[in-house]
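Residues per chain are reported as follows:
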Amino acid sequence: MPPSLTRAVALVVVVWAFVSVIAAGRNAVMRGADPVTALEAEFRSLSHALPSSGPVGFLRYEIDDDRADRVMTYYVAQYTLAPHVVEKRTDLEFVIVAPDAVRAGVDDRLAGFMPIATSKEGYSVYQRRAP
Amino acid sequence: MRALVALLIPACAIGVFLYRSAGWRSARAAVAFLALALSLGIGFSSVVSLALILIGVEPASRTFVLSDFAVWAIVAALGWRTNNASTPNCRLPIPTRPQFWDWLAPTAFGLVAIVALASVVASSIAAPHGDWDAWAIWNQHARFLFRGGDGSWREFFSITWSQPDYPLLLPASVARVWAYAGHESTLGPALISVVFGIASVALVVTTLEGHLRWIAGMLMLGASTFLTQVPAQCADVPLACFIVATLAVTFGDVLRTSNPESRTPNPESRIPFVIAGATSAMAAWTKNEGVVFVLLTFLVAVVVAVRRRDGRQLLWSIAGAAPVLIAVVWFKLALAPSSGLVEGQSLTVILTRLLDPARHRTVLELVAQHAMRWSAPIAFAVFPIVSVVAVWMAVRVGGAVRVMTMILGLLLAAYYVVYVTTPFDITWHVTTSVDRLLVQLWPALVLTVFLGLQSSVSGPRSFT
């Protein structure tokens, strides 16, 4: 490769790298609030209501349970409450309930449960009170 | 501060080993040794941490930190007793007065590196838990290890969506840093990610010579997909680091010569092969893709041993890899559930998928789209262009560059086969992972191209 071409390619790489890292820095600074941090704080405030070990239930969303934001809520609950295993079932003593997962009116999936702790944004821990 | 100390302790112990067995005679070699010591330190200490957890030492206890420290003190003491194998046989080069142009490239690299580091720090502050896979997989496993010292950490093997078959280098390292810090913090995993990012760049820059090394470093950092993966806290940058470390140590000469200006590899030096064995095994201990890499490098080492009719280098590589590979095999066979990629798969199903042209077309289209847009919007087709240059270099220069290109090409081919035979939805599988797979190869690809450029100027470097 002729030296002039080598220098030209090197110059292109230098300019491109500068522009690229500055753009990456700008994107990092402009990044919005982190949803994981916010959700983690919610579930962390509920952890005192749970026993030290054992699986914990999670109330499935009635519709669109696999929507990305709802999947994230469930996954962050698991991330926050480890080493509990958070399972999408309600036949356990403790169940995590997201505010928008409860059916309007009476939700028969929570029959026999009582809320024992609620976070700032309305995430709750329900405990089974009756068989 | 304690998190940093946790990373420096094993790095110092391994650094003692490296210094006593290979020695260094230049700043370039010292930086390469530091990068290797840090990355290998994190890797080996994760194995020690897992061993301590398995025998019942809780990471949240003081006993864990004391036991871990004792292990590394012993390693450092053993390293100090190692004979210094590389007595200086050449004089140090007489420094020449640098010209203006000699300052330009390193200064430009320094500025790019500072801005890149600032962007990584800003990303880490904005998303302290990392990207989706970081908190859903790697940091979550770390929390199980750290909080479940009574044995309940094994519960994560039942969480199928959290990839419980993934190896534990990263989670065990994060748990260890938390143990030293005395509490969980988002600083621990962020620090580990930054160390691997810096080590990847340092290994490429120190393996090369002259101005080319600075241009290579800037090319690496200019790829925004690579740069944004550093604070993502996933295992792809650590895996990229171990891949490039293996190739740099095997094909570069920074560990082989006592004189940085000498380009004659010392054939008697066994240290590069021991370290290359260790780094390739670390790749397998980092992520499942690393298992393919370690198999490929082993295959290449066998071919070289047969062609040379000398198996000593192969044996040294195996010796370096063995301790970690034992941990990997044991983890896969005794602890982890089977991978979602192979569960329920049969030979008939795999062959049917492999012979389905529609699946090939889908994978090729998606991979091509992502490869062209990799590091967009500032870059266009940067990965394909650099790959084409690597192939051109492999044909033109041959030798080590050809072998490196072959290894990376075969690794890419293995990823392709996995995509075609995946039991998951192909579109979902490719679109959610291919950018990160290219990140794994990026530092090694840049190193290959620039070693080729270097060889085309100074003559080819033979490998076999």
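The coordinates are above.
Below: a short report on this structure. Starting afresh in each chain, residues are numbered from 1 along the sequence in its written order. A letter from A marks each chain and a number from 1 marks each ligand, given out in the order of writing. With the structure being a predicted model, the display of local features is reserved for residues of pLDDT at least 70 and the display and counting of side-chain atom pairs for 80 or more, all residues being used for whole-chain, interface and lining totals.

This brings us to the overall build of chain A. Under the scheme used here, helices are H or I runs from DSSP no shorter than 4 residues and strands are E runs no shorter than 2 residues, and both carry numbers assigned from the N terminus. Each helix and strand counted, chain A has three helices and five strands in total. Along chain A, from the amino end to the carboxyl end, the secondary structure elements read α-α-β-α-β-β-β-β. With the radius of gyration taken over C-alpha atoms, the globule rule is written as 2.2 Å times the number of residues to the power 0.38. Computed over its C-alpha atoms, the radius of gyration of chain A comes to 24 Å, more than 25% above the 14 Å expected for a compact globule of 131 residues. Its C-alpha atoms give chain A principal-axis dimensions of about 85 × 30 × 25 Å. Whether a residue is buried, exposed or partly exposed follows from its count of other C-beta atoms within 10 Å of its own C-beta, namely 20 or more, 12 or fewer, or something in between, respectively; the C-beta atoms are built from the backbone. The buried share among the 131 residues of chain A stands at 31%. This entry defines residue contacts through backbone-placed C-beta atoms, with two residues in contact when those atoms are within 7 Å. Considering only residue pairs separated by 6 or more positions, chain A has 70% of its internal contacts joining residues 24 or more positions apart.

Residues and elements named next belong to chain B. Axes, fitted as lines to C-alpha atoms, cover a helix only where it is in contact. Angles between the N-to-C directions of the axes lie from 0 to 180 degrees. Axis separation between helix H1 (residues 2-21) and helix H6 (residues 169-181) bottoms out at 8 Å; the angle between their running directions is 125°. Relative to H6, the element H1 lies oblique. The two elements H1 and H6 cross, and the hand of that crossing is right-handed. Packed against H1, whose contacting residues are Arg 2, Ala 3, Val 5, Ala 6 and Leu 7, the element H6 presents Arg 176, Val 177, Tyr 180 and Ala 181 at the interface. Any angle between 65 and 115 degrees counts as roughly perpendicular, while under 35 counts as roughly parallel, over 145 as roughly antiparallel, and the rest as oblique. Definitions for this section: a left-handed crossing has its near helix turned counterclockwise from the far helix by less than a right angle. A right-handed crossing has that turn clockwise.

This paragraph deals with the sheet that holds strand S5 (residues 124-128) of chain A. All names here are of chain A. Read across the sheet, five strands follow the order S2-S1-S3-S5-S4 without closing on themselves; strand pairing throughout is mixed. Of all the strands in the sheet, just strand S2 (86-87) and strand S4 (113-118) have a single pairing partner and so form its edges. One bridge is not enough; two strands pair if DSSP finds at least two bridges between them. With two bridges connecting them, strand S1 (residues 56-58) and strand S3 (residues 94-97) associate as parallel partners. Paired with Phe 58 across the bridge in S3 is Ile 96.

Right, let's get into the packing of helix H12 (residues 289-308) of chain B against helix H17 (residues 399-420) of chain B. Residue and element names in this part refer to chain B. At a closest axis distance of 10 Å, the pairing of H12 and H17 adopts a crossing angle of 140°. At the point where H12 passes H17, the crossing takes the right-handed sense. In this structure, H12 uses Val 292, Phe 293, Leu 296, Thr 297 and Val 300 to contact H17, whose residues at the interface are Val 403, Ile 407, Leu 410, Leu 411 and Ala 414. For the contact of H12 with H17, the residue count by class is nine nonpolar, one polar and no charged. Each residue gets one label: Ala, Val, Leu, Ile, Met, Phe, Trp, Tyr, Cys and Pro are nonpolar, Asp, Glu, Lys and Arg are charged, and the others, such as Gly, are polar.

What follows is about the interface of chain B and chain A. Across the contact, 34 residues belong to chain B and 27 residues belong to chain A. When contributions to the side of chain B that touches chain A are tallied by element, the ones reaching two or more residues are helix H4 (100-126), helix H5 (132-147), helix H8 (212-222) and helix H9 (224-229) of chain B. Here the side of chain B that touches chain A gets nine residues from one element, more than from any other, and that element is H4 of chain B. Looking at the side of chain B that touches chain A, its residues break down into 21 nonpolar, ten polar and three charged.

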